[in-house]
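So the chains spell out like this:
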Amino acid sequence: MLGRLNHVAIAVPDLGAASAVYRTTLGAKVTDPQALPEHGVTVVFIDVGNTKIELLEPLGENSSIAGFLQKNPAGGMHHVCYEVADIIAARDQLKASGMRILGEGEPKTGAHGKPVLFLHPKDFQGTLVELEQI
Ligand code: CO
């Protein structure tokens, strides 16, 4: 079921400042900010060759990462995203194994225009896991 690591996501309080660190200090190429209202975040991606880093900033009143930033005001690692070939098959297999899918359990469209799901951190060693169908 498990494919490649697509990205590691870091929640940040200030996307402009965080992007500047990657662009200027680390010399990385940072994409333009992309607002994802359905997920309550604005994101940029940084391609580091073997995977990507996703920087997430809260968007809107009920951002899914607002609580995380309250606990981690300087920012922090928020989730890892693994690629899967068939997200519905992966979801059904995980559910059958007793794993919890966040939200309604139906895939939403992610930052790359592909279906994504999030898995409960308590079922995955305290780490929020995103699955993206490739
Ligand atoms: Co992500």
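Residues numbered from 1 in each chain as written. Predicted model: local features only at pLDDT ≥ 70, side-chain atom pairs only at ≥ 80, totals over all residues. Heavy atoms only, no water.

## Description of the UniProt feature "domain: VOC" (unreviewed entry) in the chain
The UniProt record marks residues 4–134 with the feature "domain: VOC" (unreviewed entry), using the residue numbering of this structure. Spanning residues 4–134, this segment combines 21% helix with 35% strand, and its end C-alpha atoms are found 10 Å apart. (UniProt positions renumbered as here; feature names shortened; annotations may be inferred. Helix = DSSP H or I, 4+ residues; strand = E, 2+ residues; numbered from the N terminus.)

## Notes on the pattern of salt bridges
Following the criterion strictly, the structure yields four salt bridges and no others. When the shortest N-O distance is used, the salt bridge between Glu83 and Arg4 registers 3.7 Å. On the criterion of sequence distance, the pair formed by Glu83 in strand β5 (residues 76–84) and Arg4 in the segment before β1 (5–11) is long-range, its members being 79 residues apart. The class of Arg4 is exposed, set by a relative accessible area of 56%. The salt bridge partner of Asp92 is Arg91, with a shortest N-O separation of 3.0 Å. The class of Asp92 is partly exposed, set by a relative accessible area of 39%. Taken together, the shared-partner salt bridges connect Arg91, Asp92 and Glu106 into one network. (Salt bridge = Lys/Arg side-chain N within 4 Å of Asp/Glu carboxyl O. Buried < 20%, exposed > 50% of the residue type's maximum accessible area, 1.4 Å probe, protein only.)

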